[in-house]
Amino acid sequence: MTSEDTSRDYLCPYFEEKKCQSCSLLTMSYRKSLESKMLNVTNLFPNQTIDPIVETGFPFTGRAKTKWAVGGSLPNIKLGFPDHNGNVLHDLRQCPQHQEQLNSLANLITEGMIKYKISPYDIITKKGELKFITLMQAHDSDEILLRYTLRSRECLERLIKMTKELMHTCSNLVVASATLQPIHMAKRHGETEILLTERHYIQETINDLTLLYGPRSFIQGSPDIKSKLYQKACEIFLKVKGQNVLDLYCGTGAFALHLAESAKSICGVEISDESITLAKKSAKINQLSNVEFRTLDADNLCDNGHEIDKNFDTFVVNPPRRGLSKQLISLIIDSSCSHLLYSSCNPQSLQRDINLLAPSFALTELTPFDMFPFTHHLECLALLTRY
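Residues numbered from 1 in each chain as written. Predicted model: local features only at pLDDT ≥ 70, side-chain atom pairs only at ≥ 80, totals over all residues. Heavy atoms only, no water.

1. Description of the packing of aromatic side chains
Piece 1. In the structure shown here, the tally under the stated rule is six aromatic pairs.
Piece 2. An angle of 70° between the planes, with centres 5.9 Å apart, marks the rings of F60 and F374 as edge-to-face. Highlighted residues: F60 in the loop between helix 2 (30-44) and strand 1 (65-73) and F374 in the loop between strand 14 (361-369) and strand 15 (379-386), separated in sequence by 314 residues. When sorted by exposure, F60 lands in the same class as F374, which is buried.
Piece 3. Following the ring pairs from residue to residue traces out a cluster consisting of Y10, Y30, F60 and F374.
Piece 4. Between the NZ or CZ atom of K131 and the centre of the ring of Y121, over which it lies, the distance is 4.7 Å. (Phe/Tyr/Trp six-rings, centres within 6.5 Å; stacked < 30°, edge-to-face > 60°. Helix = DSSP H or I, 4+ residues; strand = E, 2+ residues; numbered from the N terminus. Buried < 20%, exposed > 50% of the residue type's maximum accessible area, 1.4 Å probe, protein only. Lys NZ or Arg CZ within 6 Å of the ring centre and 35° of its normal.)

Spelled out as structure tokens, the structure:
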């Protein structure tokens, strides 16, 4: 191995102290980490021509989303990742992957917890209140959304007071909510969502389009990479000359809104009422009249097939890590669509789904994106074309 192979251009104290090994590729330079990821993708798709990986300009300080488990006890609070037993062993609140304002806000949150006696949830004793903290920061506007996951309402009044102080100190913190999760498990989302602010969403500008996100919305972690991802999707869509688009797992409408300029019509489908409400609002803000959004379960879309027009020539899918359901794969095969744009954060499930679609579709283009620097994870955008 040459000296170049062992060079390192980014250092993380948590990684060096073995408190966190999530960014397992920090043992090498950023360039070498990209080569490692490309090798993994090549091994998964050995007979496919693969575009060069799209790299980020922010290997550190580029992540606009945090998901901390809350551990320890007052006043020794830890924000980090739970181990297999659910315990937070190390405080990781100054992770260098995060945008700096999110780490600064984390310090203010822990100070507020001490002041207002909001105790971390203890997985062993099943006592305490605050289980998780989620932060999202919008690109361009820098607006921040803060979401608490609570065991109960016990500390809610104190939490509201703490949040008001946080908003006074951090002016770009504009949205806060609390979700109640009384079940003894590592789950961030509860059935009840309590909005603590007048504002219900943060607003960002990506590629000259306005996008909105609420407490239950999905947001891509890297503004730099998601901008390039959506631009690539637009390039492919223009190339295949698509007209009528069905966008599944559409979230708050990022892909649909980007493709709208070149499409005749787009229908976005998402199971979250909140996301659909914000997608419709975004379409109105962006003055796009050829886009509609519906609250439906994409995994079981065949059960709602009578509600969806069959004349789509292009499908767009951006599923969770698990990939597409068997029902949805059958629907795509039986549909009239000629092209499928598949955005995936899990190349393994992407490979599985492409194999399942192989009787009707060929993989004709594949582009990896370094959405998660120095980890083994990456986003892939695939174009599948019907035979």
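2. Quick notes on the side chain of D299
Piece 1. Checked against the element boundaries, D299 lands in the loop between strand 11 (291-295) and strand 12 (314-317).
Piece 2. Overall, D299 belongs to the buried group, its relative accessible area being 12%.
Piece 3. Of note is the side chain of D299, whose polar atom sits 2.6 Å from the side chain of Y249.
Piece 4. A polar atom in the side chain of D299 sits 2.6 Å from the side chain of R322.
Piece 5. Ignoring any residue separated from it by four or fewer positions in sequence, one finds D299 in contact with Y249, R322, S325, Q327 and L328. (Polar contact = N/O pair within 3.5 Å; in protein donor to acceptor, adjacent residues only side chain to side chain. Contact = heavy atoms within 4.5 Å.)

3. A look at helix 4 (residues 156-169)
Piece 1. Between the first and last C-alpha of helix 4 there are 20 Å, a value that for 14 residues agrees with the 20 Å anticipated at 1.5 Å per step.
Piece 2. Those residues of helix 4 lying buried are L156, L159, M162, T163 and L166. Burial along helix 4 is one-sided: seen end-on, the buried residues are contained in an arc of 115°. Among the exposed residues of helix 4, those pointing more than 90 degrees away from its buried face are E157, K161, K164 and H168. (Expected span 1.5 Å × (residues − 1). Arc of directions from axis to C-beta.)

4. Comments concerning the sheet that holds strand 13 (residues 339-344)
In a beta sheet, neighbouring strands are held together by backbone hydrogen bonds and run either parallel or antiparallel to one another.
Piece 1. Taken in spatial order, the seven strands line up as 11-10-9-12-13-15-14 in an open sheet, and their pairing is mixed. Each having just a single partner strand, strand 11 and strand 14 make up the two edges of the open sheet. Sheet twist, expressed as the mean angle between neighbouring strand axes with direction ignored, is 15°.
Piece 2. Sheet topology places strand 9 (residues 244-248) next to strand 10 (residues 265-270); five bridges connect them, and they run parallel. For L248, the partnering residue across the bridge sits in strand 10 and is V269.
Piece 3. Across the sheet, helix 5 (residues 223-240) is in contact with strand 9, strand 12, strand 13, strand 14 and strand 15; its angle to strand 14 comes to roughly 155°. (Pairing = 2+ DSSP bridges. Axes fitted to C-alpha atoms, helices over the stretch in contact; angles between N-to-C directions.)

5. Quick notes on unusual backbone geometry
Piece 1. Here L74 and P75 are connected by a cis peptide whose omega angle stands at 5°.
Piece 2. The phi torsion at K18 lies on the positive side, around 60°, for a residue other than glycine.
Piece 3. Locating K18 in the fold gives a position in the loop between helix 1 (13-16) and helix 2.
Piece 4. Positive phi, normally seen in glycine, also occurs at D140, with a value near 80°.
Piece 5. Assignment of secondary structure puts D140 in the loop between strand 3 (130-137) and strand 4 (144-150).
Piece 6. On the accessibility criterion, D140 (54% relative accessible area) is exposed.

6. Focus: the packing of helix 3 (residues 100-115) against helix 4
Piece 1. Running from N to C, helix 3 and helix 4 point in directions that differ by 145°, and their axes come no closer than 10 Å. Relative to helix 4, the crossing made by helix 3 is right-handed. The segment helix 3 lies against helix 4, with L105, L108, I109, G112, M113 and K115 engaging M162, E165, L166 and T169.
Piece 2. Here the contact of helix 3 with helix 4 is composed, by residue class, of six nonpolar, two polar and two charged. (Left-handed = near helix turned anticlockwise from the far one by under 90°. Nonpolar A, V, L, I, M, F, W, Y, C, P; charged D, E, K, R; others polar.)

7. What to know about the sheet that holds strand 5 (residues 173-180)
Piece 1. Taken together, six strands build an open sheet; the order of strands is 2-1-3-4-5-6 and the sheet is mixed. The open sheet has two free edges, formed respectively by strand 2 (76-80) and strand 6 (192-195), since each of these has just one partner strand. Across this sheet, the average inter-strand angle for adjacent strands is 25°, counted without regard to direction.
Piece 2. Sheet topology places strand 4 next to strand 5; seven bridges connect them, and they run parallel. In the sheet register, R147 faces strand 5, and the bridge partner there is S177.
Piece 3. Sitting on the sheet, helix 3 is in contact with strand 1, strand 2, strand 3, strand 4 and strand 5, with an inclination near 150° to strand 3.
Piece 4. Its contacts with the sheet put helix 4 on strand 4, strand 5 and strand 6, and the angle it makes with strand 4 is roughly 160°.

Geometric descriptors of this kind do not, in isolation, establish any biological role.
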